Amino acid sequence: MSARDKYETVIGLEVHVQLNTASKAFCSDSTLFGAEANTQVSPISLGHPGTLPVVNEEQIAKAVKLGLALGCEINPHSSFDRKNYFYADLPKGYQITQDRSPICIGGALKIKIDEAFKSIRIHHIHMEEDAGKSIHDTDGAYSLIDLNRAGVPLLEIVSEPDLRSAEEVDAFMSGMRQLVRWLDVSDGNMEQGSMRCDVNVSIRLKGEEEFGTRCEIKNVNSMRYARRAIAYEVGRQVDIIEKGGSIEQQTLNFDPDTGTTTPLRDKEDAHDYRYFPEPDMPPIRLSDGYIQAVKDGMVRLPWELYEDFTEKLGLSDYDASLLTEEVEVAKYFLGLQHLSQQTKASANLIINKILPYCKDKQLALFDFPVASENLVEFLDIIRTGKVSNAMAYQRIFPEMTEQPDRSPLEIAKDLNLLQSSDTSFLEELIEGILADNPDKVKVYRNGKKGLLGFFMGELMKKSKGKADPKVANKLLREKLEA
Amino acid sequence: MAKYSDLASVQQAIREGQTSCKALVAFYLEQIKEHQHLNIYLEVFEEEALQKAAALDKKIQESPEKLGKLWGMVVSIKDVICYQGHKVSAGSKILENFESLFSATAVERILAEDAIIIGRTNCDEFAMGSSNENSAYGPVLNGINPQKIPGGSSGGAAVSVQMDTCLAALGTDTGGSVRQPAALCGILGMKPSYGRISRHGLVAYGSSFDQVGIFAHKTEEMALLLEVMAGADEYDATASKREVPAYSQTLEPLQQPSIAYYRSALEHPGLDEEIRTLMEQQLDEFRRAGYRVEGVDFKYLDYIVPAYYVLTTAEASSNLSRYDGVRFGFRDKEADSLEDMYTHSRTQAFGEEVKRRIMLGTFVLSAGYYDAYYTKAQKVRRLIAEETRRLLSDFDFLLMPTTPAPAWNLGEKTDDPVEMYLADIFTVQANMAGIPGIAFPVGKTGEGLPVGLQLMSNVFEEAKLLSFVKQLGY
């Protein structure tokens, strides 16, 4: 047993989610990503004298929505605070956040680890504004500041220290990403920084109940970094303790180039943020009626649909997981399933054909060109045996994406793919095949039944794939065994 | 040209052709020049005011039906109120030559009613002060006696009306900064209820206390300006959505007003004898008029100033963090690190009083001291607000001295900040409780210095308050 195996890792997360509201948290500036630097900045974003914040109500609705989805208690009376610190990309010299009275309290997110579910408790969710961006490596002499992001609304989701491994962190972050996208709260894009997390890591001997001293790793902006940072940090802490040392509470920075964590600052020069109530905005009062209205406007949640899909519709775990990954996919599936009255076939078509097509063409699912009535017809001609499954998928589907307005049945006719269950036509072909292969017929009749496959192959070749396999099979046997 | 102390006379004189807007502005510009030594204005918008006056004269001729409510009113604005395309420096070096990109809601609303803004008035730096000696641009002198301070922080605004350089002035009142200089200059000064007028476009000092205030000679002008400026604002979440009464139409005499006063205020050891006598005379006058007058106890009087300074400096320490030299305002160009840039810029460009309050506010919010100072002061504020509002549900008005003493000599108190802070003892209660108050002149000391008393009413009872002050002869 290695030293590391004696210890249990304990992790808590602070996940920052950038909301996809049209305008900023406290003013009407656009939040669009990628605009030219410092173009989405009004005097309010810039912290000019005389400007005041006014809360964006869309931000509140999104916070409440996420809170309800996670089973949080919605605070009917939350309020904003100021977190004071100086930095060049923080225009007002303070960040507006929620310290004493956050908007959502408690709740949990279920994650799936090794086929089992585990509930990760949420401590609270609070609203705050983002800072701008400092760019230190472009200009030789100066730091450059872009304030487009300053004031963009964020939710900070603070978990309890319920996570025990990098895999669980991964599952939690994936689940959270799925949920915020599902609820249309955020685009959950880690590359663009719409989702980032601070990871609090500590270790303790297995079986120990007391938590160890934790270190906070800041601004981990990809899952790959999170795994590496946690692995490094756990190793570092084990080494220290194994050598008889003790962990110092620190804020750490993860350097992806070296794969190591280094202290940002220690306790001695820790910031005193001097939190105090934001006097420029009254507390946010949310009535029961308001909370109910948000609830009523919400779509069903991914895990609810997953349960429906597996239990009521009998789909496999795999299919159900894929179909509940994104709300659009689930909605698309439910639409097609409803129209076609075919569950498994709808799932297969979406998973195997439509999603890969859209991914390839970089299309949103709802921009997939083929109308739903044609998709329903497509599934129908397979079900009724007019075309084979294979021919439909291989030949008709590509044609449908080229000519989205044409009926798949027409396409099948054009391509001469309609399956033949016309027995006289098939019988004629079979007669010909048997006549061409008298020795093989003999071998078959002597008991080598495996040759049926050969005759089927020949028949398919001759019929150009149009033979209905069931009918053909039956006829072949009759003829061979006559 | 005759001096006008009310808008009706101005408008009548213009209508009758005795004068014009342009002549009126020219007159005020003359007055400003004559009183330049008082250092009232930081900037006079001479050309612009004359042009606006000319345009208004044309409008009077051509489309009088389109005239706004405030036509003919020439107003000054305190240098903490933003006016698009104009400088706003908050009396500070740190904002020297800073131009505002937008106008305060109050400014927009008076301009929309055809007021003419003649200039921006000097004030204590970031509205922090009781004597106007904290301006980076030099003190303002009291027009009645230039040896004396005019009061603060809206000292320039008060003297601008006192010396007839305009008809009315906009100031701001965080702990008495309108009422106190009004009293020391012998004019009317009003602080409306907190949230009555939008704070959008006011350079913030203490956000939960700041309020636009009005200086004038008569209640009619205050009522009119208040009704124009007050009301909900999409740019200020703390602006009240309460409907705005037509204050100028409701200045009716009250039948049986009831007036309370604090015995502890009247008997306060710090209160000047002459002011005490004038206050007693005023109470006697009320009694003779048959009003209900009662002395009541108020046990928190001595806690008001300490609690006020804890809370306002806490808010100020945060509000003034944005003056960091990064995006606008003064920057020490020699500094070669971010840390140095902050420290040098703020050290060089903030005045002593502002630095004192930033440090005090930073201290009371610091870990380990927060509860002892900030939390406790908030509790005191709540007690004072509740007690005050309860009293004002039993009485129509609370009468107080405005200041413990008349205008003092320049430099007399600058070495003792605590004594300076204590001069706010009678005015900060209105800001702590969010209620409106009006300072009105009651007479003069033997030395000839004006004395003002102050009437307060319950929150959003400005209509009643204005009516009663009018009844007193203003």
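Everything numeric in this text was worked out from a predicted model, so none of it was measured.

Q: Would you take a moment to explain the overall build of chain B for this structure?
A: Of regular secondary structure, chain B possesses 16 helices and 11 strands. Since a compact globule built from 474 residues should have a radius of gyration of about 23 Å, the 21 Å found for chain B is in line with a globular shape. Once the C-alpha set of chain B is aligned to its principal axes, its extents read approximately 70 × 65 × 45 Å. Looking at chain B as a whole, 64% of its 474 residues are labelled buried. Put simply, of all contacts in chain B between residues at least 6 apart along the chain, 75% involve residues at least 24 apart. Here chain B displays about 16,900 Å² of accessible surface, and carbon together with sulfur accounts for 48% of that area. Of the side chains in chain B, 46 bear a positive and 63 a negative charge, and the two mean positions are spaced by 4 Å.

Q: What's the story with the pattern of salt bridges in this structure? I'm lost.
A: A pair can form between side chains of opposite charge whenever their charged atoms are brought close. Overall, the coordinates contain 46 salt bridges over all chains when judged by the stated rule. Among the ionic pairs, B:Glu352 bridges to B:Lys355, the shortest N-O distance being 3.7 Å. Residue B:Glu352 and its partner B:Lys355 are both found in helix 12 (residues 352-364); the two are separated by three residues, about one turn of the helix. Under the relative-accessibility criterion, B:Glu352 is labelled exposed at 60%. Because the salt bridges share partners, they merge into one network encompassing A:Arg82, A:Glu278, A:Asp280 and B:Arg199.

Q: Teacher, can you tell me more about the interface of chain A and chain B here?
A: How big an interface is tends to be expressed through the accessible area that disappears when the partners come together. Taken residue by residue, the interface counts 31 residues in chain A and 39 residues in chain B. In total, chain A and chain B occlude about 2,800 Å² of area from one another, counting both sides; carbon and sulfur atoms represent 61% of this. Broken down residue by residue, the surface that chain A buries against chain B is led by A:Pro49, A:Phe86 and A:Arg274, which jointly contribute 23%. Seen at the junction of chain A and chain B, the total is one salt bridge. Close ionic contact of B:Arg199 with A:Asp280 constitutes a salt bridge, the shortest N to O distance being 3.0 Å. Looking at the side of chain A that touches chain B, the elements with two or more residues in it are strand 4 (81-84) and strand 16 (276-277) of chain A. Its residues assigned to classes, the side of chain A that touches chain B comprises 20 nonpolar, six polar and five charged.

Q: I'm lost on helix 15 (residues 469-480) of chain A in this one. Help?
A: Residue and element names in this part refer to chain A. The end-to-end C-alpha distance of helix 15, which contains 12 residues, comes to 16 Å, matching closely the 16 Å that a straight helix rising 1.5 Å per residue would cover. Within helix 15, burial applies to Ala472, Leu475, Leu476 and Leu480. Summarising the axial view, the buried residues of helix 15 lie within an arc of 125°, below the 170-degree limit, and thus occupy one face. Opposite its buried face, helix 15 presents the exposed residues Lys470 and Lys474, each directed more than 90 degrees away.

Q: I'm lost on the sheet that holds strand 5 (residues 94-97) of chain A in this one. Help?
A: Sheet strands pair via backbone hydrogen bonds, and the direction of the pair is either parallel or antiparallel. Overall, antiparallel pairing links the three strands, which are arranged 5-4-16 (chain A) in an open sheet. Taken across any chain shown, the strands that pair with only one partner, and hence form the sheet edges, are strand 5 and strand 16 of chain A. For strand 4 of chain A and strand 16 of chain A, the ladder comprises two bridges, and the chain directions are antiparallel. Looking at the pairing, A:Arg82 lines up with A:Phe276 of strand 16 of chain A. Strands strand 4, strand 5 and strand 16 of chain A of the sheet are contacted by helix 10 (residues 301-319) of chain B, whose axis makes an angle of about 60° with strand 4 of chain A.

Q: Please clarify how the environment of A:Ala482 should be interpreted in this entry.
A: Looking at where A:Ala482 falls in the secondary structure, it is placed in the segment after helix 15. Separated by 463 residues in sequence, A:Ala482 and A:Leu19 have C-alpha atoms that sit 73 Å apart.

Q: I tried to follow helix 7 (residues 327-340) of chain A on my own but got confused; where do I start?
A: The periodicity of an α-helix, 3.6 residues per turn, causes residues three or four places apart in sequence to face the same way. Residues and elements named next belong to chain A. Counted at 1.5 Å a residue, the expected span for helix 7 with its 14 residues is 20 Å, and the 20 Å between its end C-alpha atoms agrees. Taken as a whole, helix 7 has its buried residues at Val327, Val329, Ala330, Tyr332, Phe333, Leu336, Gln337 and Ser340. Elements that come into contact with the buried residues of helix 7 comprise helix 2 (166-182), helix 5 (302-312), helix 6 (317-323), helix 8 (343-361) and helix 9 (372-383). Just downstream of helix 7 lies Gln341, where phi reads positive at about 60°.

Q: Whenever I open this one, unusual backbone geometry confuses me. Can you help?
A: Of all residues except glycine, most have a negative phi; of all peptide bonds, most are trans. With an omega dihedral of 5°, the bond running from B:Gly152 to B:Ser153 counts as a cis peptide bond. With respect to the helices, strands and loops of the structure, B:Ser153 is situated in the loop between strand 3 (116-121) and helix 5 (155-162). Although it is not a glycine, A:Gln341 adopts a positive phi angle of roughly 60°. Relative to the elements of secondary structure, A:Gln341 occurs in the loop between helix 7 and helix 8. Despite not being glycine, B:Phe460 shows a phi value in the positive range, around 60°. On the basis of relative accessibility, which here comes to 22%, the residue B:Phe460 falls in the partly exposed class.

Q: Help me out: how do you make sense of the environment of A:Arg227 in this one?
A: Residues and elements named next belong to chain A. Along the polypeptide, Arg227 turns up in helix 3 (residues 223-242). Accessibility expressed as a relative area gives 33% for Arg227, which makes it partly exposed. Measuring from C-alpha to C-alpha, the distance between Arg227 and Asn200 comes to 13 Å, with 27 residues separating the pair along the chain. Not counting residues within four places of it along the chain, the set of residues in contact with Arg227 comprises Ala166 and Asp170.

Q: How should the sheet that holds strand 10 (residues 437-444) of chain B be read in this particular structure?
A: Residue and element names in this part refer to chain B. Strand order across the open sheet formed by 11 strands is 1-3-2-4-6-5-10-11-9-7-8, with mixed pairing between neighbours. Of all strands in the sheet, those bounded by a partner on one side alone are strand 1 (41-44) and strand 8 (292-296). Between one strand and the next, the sheet's axes are offset by a mean angle of 25°, whatever the strand orientation. As paired elements, strand 1 and strand 3 share three bridges and run antiparallel to each other. Within the sheet, the bridge partner assigned to Tyr41 lies in strand 3 and is Thr121. Relative to strand 3, helix 3 (residues 46-62) is tilted by about 165°, and along the sheet it contacts strand 1 and strand 3. This element, helix 13 (residues 370-394), spans strand 7 (258-262), strand 8, strand 9 (397-401) and strand 11 (450-456) of the sheet and lies at about 145° to strand 7.

Q: Whenever I open this one, the nonpolar core confuses me. Can you help?
A: Where a protein is soluble and globular, its nonpolar side chains tend to be buried together. Formed by 156 residues in total, the largest nonpolar core has its most connected members in B:Ile110, B:Ile118 and B:Phe126. With 10 residues, helix 10 of chain B is the single largest residue contributor to this core.

Q: Where do I start with the layout of surface pockets in this structure?
A: Looking at the second largest pocket, its volume works out to about 1,000 Å³. The wall of the second largest pocket is formed by 29 residues, among which A:Pro279, A:Pro283, B:Tyr194, B:Ser208 and B:Arg381 lie closest to the centre. Listed by contribution, the elements that provide at least two residues to the lining of the second largest pocket are helix 10, helix 13 and helix 15 (428-433) of chain B. Residues that form the lining of the second largest pocket fall into these classes: 15 nonpolar, six polar and eight charged.

Quick notes on the rules
- Residues numbered from 1 in each chain as written.
- Chains lettered and ligands numbered in written order.
- Predicted model: local features only at pLDDT ≥ 70, side-chain atom pairs only at ≥ 80, totals over all residues.
- Heavy atoms only, no water.
- Helix = DSSP H or I, 4+ residues; strand = E, 2+ residues; numbered from the N terminus.
- Rg over C-alpha atoms; globule rule 2.2 N^0.38 Å.
- Buried < 20%, exposed > 50% of the residue type's maximum accessible area, 1.4 Å probe, protein only.
- Contact = heavy atoms within 4.5 Å.
- Areas by Shrake-Rupley, 256 points an atom, 1.4 Å probe, with all protein chains shown as cover.
- Lys, Arg positive; Asp, Glu negative; His and termini not counted.
- Charge placed at Lys NZ, Arg CZ, Asp CG, Glu CD.
- Salt bridge = Lys/Arg side-chain N within 4 Å of Asp/Glu carboxyl O.
- Buried area = accessible area lost by both parts, 1.4 Å probe.
- Nonpolar A, V, L, I, M, F, W, Y, C, P; charged D, E, K, R; others polar.
- Expected span 1.5 Å × (residues − 1).
- Arc of directions from axis to C-beta.
- Pairing = 2+ DSSP bridges.
- Axes fitted to C-alpha atoms, helices over the stretch in contact; angles between N-to-C directions.
- Core = buried A, V, L, I, M, F, W, Y, C linked by side-chain atoms within 4.5 Å.
- 1 Å grid on protein atoms, 1.4 Å probe; cavity = no way out; pocket = protein on both sides within 12 Å on 5 of 7 lines; lining within 4 Å.
- Points joined across faces, edges and corners; volume = space filled by probe spheres on them.

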